[in-house]
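Descriptive analysis of the structure
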Amino acid sequence: MRALNLKNVNAGLIWRIATLAVVAAILLSSAFAQKTKKDQAKKPPADAAGSGVPVTDDEAIEQQISQMLAAWQTGDGDGMHAFYADDVLLVSGAWEPPISGWPAYLRQYQAQRARIQGIRLERNNTFRKIAGNSAWATYQWELNGVMDGTATNAHGHTTLVFEKRNGKWLIVLNHTSLTQ
């Protein structure tokens with residue numbers, strides 16, 4: 001395998017890739033491709049979607065992911081907050097310090113969201129695991145869209161760590177890796 005010579009890499013391309021990694025880390029859009037059900041919890045929590053129908057913890061977490069991505073897609077930063085803990089930690093695919101706390105996350109999201117249009121995220125190979133009041137979900141994604149006027153495509157992985165607080169699953173850690 002050849003080593004990458006950074007002297008020959010276009011600085012604009014590096015900037016776009018790093019920016020895309022941050023966008024990907026902020027969890028992108030509302031495509032709800034394949035939803036793999038795994039390790040379903042045995043006891044249902046209180047209604048997770050507001051419908052009055054009890055759902056399992058596994059279903060509640062799947063709904064949290066889907067609804068959070070839908071809020072991202074519509075640019076609803078305040079709506080996203082319903083799915084994130086105030087003390088959330090976000091690790092992006094870019095080489096940068098983690099983003100700590102909801103206010104910092106919201107500022108980063110709004111700055112990145114202002115630069116993108118027509119984003120579509122295909123989520124697949126989702127797996128969830130629940131252990132008491134903690135859970136994680138991991139999935140692969142493909143992103144297509146326009147950033148700063150340039151067509152963009154990327155692939156990656158995201159892992160979300162959830163904690164059940166006051167009967168509701170909240171994202172406490174979002175770790176995204178850009179693979180392309």
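You'll find the structure just up there.
Summarised in this report is the structure supplied together with it. What you see is a predicted model; the values in this text were computed from it and never measured.

In this structure, strand β3 (residues 116-131) lies alongside strand β4 (residues 134-147), joined through 12 bridges in antiparallel fashion. In the sheet register, leucine 121 faces β4, and the bridge partner there is leucine 143. Where β3 folds back on β4, the antiparallel hairpin that results is connected by two residues, among which glycine 132 adopts a positive phi of roughly 65°.

All right, on to the nonpolar core then. In globular proteins that are soluble, nonpolar side chains generally tend to be buried together. Ile61, Ile65, Met80, Tyr84, Tyr105 and Phe162 are the most contacted members of the largest nonpolar core, which has 33 residues in total. Those elements giving two or more residues to this core turn out to be α2 (57-73), β1 (84-91), α4 (102-113), β3, β4, β5 (150-165) and β6 (168-178). In terms of residues, this core owes the most to one element, α2, which gives seven residues. If we skip the residues at most four places from it in the chain, phenylalanine 162 touches Ile61, Gln64, Ile65, Asn133, Ser134, Ala135, Ala137, Trp169, Leu170, Ile171 and Val172.

Looking now at the packing of aromatic side chains. Scanning the model with the defined rule gives four aromatic pairs in all. Residues tyrosine 84 and tyrosine 105 carry aromatic rings whose centres are separated by 4.7 Å and whose planes lie at 40° to one another, so their mutual orientation is tilted. Linking tyrosine 84 in strand β1 with tyrosine 105 in helix α4, this pair joins segments that are 21 residues apart in sequence. These aromatic residues form a ring-pair network of at least three members: Tyr84, Trp102 and Tyr105. The residue whose ring lies beneath lysine 168 is phenylalanine 83, and the NZ or CZ to ring-centre distance is 5.8 Å.

Let us look at the pairing of β5. As paired strands, β4 and β5 are joined by 14 bridges and run antiparallel to one another. Counterpart to alanine 137 in the pairing with β5 is leucine 160. In this structure, the hairpin formed by β4 and β5 is closed by a connection of two residues, where aspartate 148 is found at a positive phi of approximately 50°. Sheet topology places β5 next to β6; 10 bridges connect them, and they run antiparallel. Directly across from lysine 164, in β6, lies its bridge partner tryptophan 169. Between β5 and β6, which pair antiparallel in sequence order, lie two residues; one of them, asparagine 166, sits at a positive phi of approximately 50°.

Criteria and cut-off values
Residues numbered from 1 in each chain as written. Predicted model: local features only at pLDDT ≥ 70, side-chain atom pairs only at ≥ 80, totals over all residues. Heavy atoms only, no water. Pairing = 2+ DSSP bridges. Helix = DSSP H or I, 4+ residues; strand = E, 2+ residues; numbered from the N terminus. Core = buried A, V, L, I, M, F, W, Y, C linked by side-chain atoms within 4.5 Å. Buried < 20%, exposed > 50% of the residue type's maximum accessible area, 1.4 Å probe, protein only. Contact = heavy atoms within 4.5 Å. Phe/Tyr/Trp six-rings, centres within 6.5 Å; stacked < 30°, edge-to-face > 60°. Lys NZ or Arg CZ within 6 Å of the ring centre and 35° of its normal.

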